[in-house]
Each structure stands twice: as structure tokens, then as C-alpha cells.
Amino acid sequence: MVRVAGSGVGTETMFRSFIIGYAQNPSLKQQFISNDILEAMGVFCLMVFLMLFAM
């Protein structure tokens, strides 16, 4: 359970960074979105891996 919570905190930190970056430079919106989606998929895959194989 603690491992899954760590993935949730990582996802929250990632989206918070996205919002801060977008607020500082709105012209790079598309680049921020594509990078954020890619990172979110990686964190989600890590979370699924930990839930399936770490128990």
C-alpha cells in the first residue's frame, strides 16, 4: 500500500509542475502536455507493476 501511495504522490508532483510551468510560459502548452502525458503513463505502469509483482 505504501508503494502505491508513493506513485500517487509522484503523479501529483508531476501535474503540479505542469501547472506551474504552464502558468509561467503558456506558449509551450503543447510541449508541456505531451511530456506530462508520457510521464503519467510511465508512473501508472510503475504503479501497476508494483501492485502485481511486489506482493
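Residues numbered from 1 in each chain as written. Predicted model: local features only at pLDDT ≥ 70, side-chain atom pairs only at ≥ 80, totals over all residues. Heavy atoms only, no water.

For the protein chain, the helix and strand inventory stands at two helices and zero strands. The proportion of buried residues among the 55 residues of the protein chain is 11%. (Helix = DSSP H or I, 4+ residues; strand = E, 2+ residues; numbered from the N terminus. Buried < 20%, exposed > 50% of the residue type's maximum accessible area, 1.4 Å probe, protein only.)

Another point: a nonpolar patch on the surface. Side chains of Leu 46, Phe 49, Leu 52 and Phe 53 sit close together on the surface and give an oily, nonpolar patch of about 470 Å² of accessible area. Along the chain, the position of Phe 49 falls in helix α2 (residues 29-53). (Patch = residues over 30% accessible without salt bridge, like charges linked within 9 Å, V, L, I, M, F, W, Y side chains within 5 Å. Areas by Shrake-Rupley, 256 points an atom, 1.4 Å probe, with all protein chains shown as cover. Salt bridge = Lys/Arg side-chain N within 4 Å of Asp/Glu carboxyl O.)

By the element assignment, Ala 40 lies in helix α2. Residues within four places of Ala 40 in sequence aside, it is in contact with Met 14 and Phe 15. (Contact = heavy atoms within 4.5 Å.)

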